[in-house]
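Here is what each chain is made of, one letter per residue.
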Amino acid sequence: MTTQIRPEEISAILKKQLTDFEKRVEVYEVGTVLSAGDGIARVHGLADVMLGELVTFPDGTMGVALNLEEDNVGVAVFGDIKHIKEGDEVRRSNRIASVPAGEKLVGRIVDALGAAIDDNIPIETHEFRQVEVKAPGVMERQNVHQPLQTGIKVIDALTPIGRGQRELVIGDRKTGKTTLAIDTIINQRGEDVYCFYVAVGQKRSTVAQIHDVLKRNGAMAYTTIVAATASDPATMQFLAPYAATAMAEYYRDSGRHALIIYDDLTKHAQAYRQLSLLLRRPPGREAYPGDIFYLHSRLLERAAKMSDKKGGGSLTALPVIETQAGDISAYIPTNVISITDGQIFLETDLFNAGQRPAVNPGLSVSRVGGDAQIKAMKQTAGSLRLDLAQYRELEAFAQFASDLDETTRHQLERGQRLMEVIKQGAGVPLPVVYQVAIIFAGVNGFLDGLPRGKVKEFEQRLFESLQTKYQNFVQLFNKEKQVTTEIKESLTRILSELKERFTA
């Protein structure tokens, strides 16, 4: 029996198969690993690779091209370099290092590449932003004029921070720098400010503790933690502040407000020094590369208060620098001081003496000043800095003087009580009305007759009274935001009544 083959059937089958056949061509530019070690891979053959471009190794590990030389490319590797060996194939991604951005990151802990490291579901977002972008130009900015309340009396009164400002937090280790930054994040609850905490070179246990504190205070509802811990490669520690800034710029550029804390830039500079020396870049002072100033200036210049034409959003930066034995004239501290709009200096001696937060009012300064203060605080705290400066001077003098006149003794006693006023516990940021009330009491002599040890008790009674008995005053203050004649009279009456009851 013969089978009859019909040519039209064969041609129809072939046409159908050709229609369903989808031609896929993938073109890669491929290089070869020449050497790998200490977190750096030397790659040959990537002639067109861009500076800052991501490349992929055979095991899926990513790297970033940092050195573009004549015959090879220096790639900083993001993961474990043990699995990368000579002769391995390296592929270009044609993508400059970028990270996910958007609301999906809120409440999460991510690494320097934006990948979730909090054992929760992976982050899915369609918005990606380059980690390195040019800072906004002069005409795209406006003056810093909106206050960013930290809830810490001594800072809001003496070194106020505005939205879009860069205020350095500087001091030796264990002087309360991180605590101050965390309290500032906690105080942004209900203020429509998205917060980013960048942990560079910290212990993982420390990051876990910070997450726990923020979660307990309800602050993770508007906070993202970007962690490049001490066990992570230097490349991740170098990249983390830029990645977090790119995430925060998403809010700044959409007309909203963001706060970013870099904790700390000393370890960031050390990670960059490590990378630079391994990439064989020439060392300069203290073995740091020549572009160490540019490392931090290009990062901190991205914090800005945008013009109304650009949406009026802001990005406020609180960089942290750790000093050695209080030396603020060292290389990295002076670099960052010259970039920022002021500094909050935390002193070991004050901390050990029980003055916490251990802010030195003499060395701390805000170059934005009263522009970033509400009028009520400006009116109340005007003489506070001068009173504290006089007290510090007289205190040193009084140690050697046996007999003091009445005026000097009065100034010393006033100063002692003001030092008690600016003390504040960790994790308890205060509303502005409470701050103004107790500072008003201090500078106007309502605390003068009290024993020094009773000042905190009086303060607590005052806050309780404002919360319960004098709610009308609080509402009036929040409405006016300045010390009008009516508010001044009401506050004077409240303090007089309270002192009378307290001393009875």
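Residues numbered from 1 in each chain as written. Predicted model: local features only at pLDDT ≥ 70, side-chain atom pairs only at ≥ 80, totals over all residues. Heavy atoms only, no water.

A. Examining unusual backbone geometry more closely. Each neighbour pair has its own omega, and for Asp263 with Asp264 the value is 0 degrees, a cis peptide bond. Put simply, Arg356 and Pro357 share a cis peptide bond, and its omega is 0 degrees. Take Pro357: it is sitting in the loop between α9 (348–352) and β16 (365–366). A positive phi is found at Asp192, a non-glycine position, where the angle reads about 60 degrees. Along the polypeptide, Asp192 turns up in the loop between α3 (177–186) and β11 (193–200). (Helix = DSSP H or I, 4+ residues; strand = E, 2+ residues; numbered from the N terminus.)

B. Geometry of the pairing of strand β14 (residues 314–322). Counting buried positions along β14 gives eight out of nine residues, so the element sits mostly inside the fold. Where strand β10 (residues 168–171) meets β14, three bridges bridge the pair, whose relative direction is parallel. Opposite Gly171, over in β14, you have Glu322 as the bridge partner. In the sheet, strand β13 (residues 257–263) pairs with β14 via six bridges, with the strands oriented parallel. What sits directly across from Ile260, in β14, is Ala317. (Buried < 20%, exposed > 50% of the residue type's maximum accessible area, 1.4 Å probe, protein only. Pairing = 2+ DSSP bridges.)

C. Representation of the pattern of salt bridges. Overall, the coordinates contain 30 salt bridges when judged by the stated rule. A salt bridge links Asp341 to Arg166, with the shortest nitrogen-to-oxygen separation between them at 2.8 Å. Taken together, the residues span a long stretch of sequence, with Asp341 in the loop between α8 (331–339) and β15 (342–346) and Arg166 in the loop between α2 (153–158) and β10 at a distance of 175 residues. Classification of Asp341 by relative accessible area gives buried; the value is 16%. Taking relative accessible area as the criterion, Arg166 reaches 9% and is therefore assigned buried. Several salt bridges converge on common partners, so that one network encompasses Glu127, Arg129, Glu249, Arg252, Asp253 and Arg302. (Salt bridge = Lys/Arg side-chain N within 4 Å of Asp/Glu carboxyl O.)

D. Representation of the sheet that holds strand β12 (residues 223–228) in the model. Sheet architecture is open: eight strands sit in the order β8-β12-β11-β13-β14-β10-β15-β16, paired in mixed fashion. Either end of the sheet is taken by a strand with one partner, and the two such strands are β8 (109–110) and β16. Packing against the sheet, helix α5 (residues 234–252) makes contact with β8, β11, β12, β13 and β14, and its axis sits at approximately 175 degrees to β11. Contacts from α8 reach β10, β14 and β15, with the element oriented near 155 degrees to β10. (Contact = heavy atoms within 4.5 Å. Axes fitted to C-alpha atoms, helices over the stretch in contact; angles between N-to-C directions.)

E. Geometry of the side chain of Thr223. For Thr223, the location among the structural elements is in strand β12. By relative accessible area, Thr223 is classed as buried at 0%. Residues within four places of Thr223 in sequence aside, it is in contact with Val106, Gly107, Arg108, Ile185, Cys195 and Leu214.

F. Looking closely at the environment of Gln165. By the secondary structure assignment, Gln165 is in the loop between α2 and β10. A relative accessible area of 0% means that Gln165 is categorised as buried. Setting aside residues no more than four positions away along its own chain, Gln165 makes contact with Val144, Pro160, Leu315, Thr316, Ala317, Asp341, Ser366, Arg367 and Val368. In terms of polar contacts, Gln165 uses its side chain to reach the backbone amide nitrogen of Gly162, at 2.8 Å. A distance of 3.1 Å separates a polar atom in the side chain of Gln165 from a polar atom in the side chain of Ser366. (Polar contact = N/O pair within 3.5 Å; in protein donor to acceptor, adjacent residues only side chain to side chain.)

G. Here's a closer look at the packing of aromatic side chains. Tallied over the entire structure, the rule returns ten aromatic pairs. Between the aromatic rings of Phe440 and Phe446, the centroid separation amounts to 6.3 Å while the plane-to-plane angle is 25 degrees, which identifies the pairing as stacked. Like Phe440, the residue Phe446 is buried in the burial classification. These aromatic residues form a ring-pair network of at least three members: Tyr194, Phe196, Tyr250 and Tyr251. Between the NZ or CZ atom of Arg298 and the centre of the ring of Tyr294, over which it lies, the distance is 4.8 Å. Sitting over the ring of Phe351, Arg356 keeps its end group 4.0 Å from the ring centre. (Phe/Tyr/Trp six-rings, centres within 6.5 Å; stacked < 30°, edge-to-face > 60°. Lys NZ or Arg CZ within 6 Å of the ring centre and 35° of its normal.)

H. View of the side chain of Ser364. The residue Ser364 is located in the loop between α9 and β16 in this model. A distance of 2.9 Å separates a polar atom in the side chain of Ser364 from the backbone nitrogen of Phe345. A polar side-chain atom of Ser364 sits 2.8 Å from the main-chain carbonyl oxygen of Asn360. Setting aside residues up to four positions removed in sequence, Ser364 forms contacts with Thr159, Gln343, Ile344, Phe345, Val359 and Arg385.

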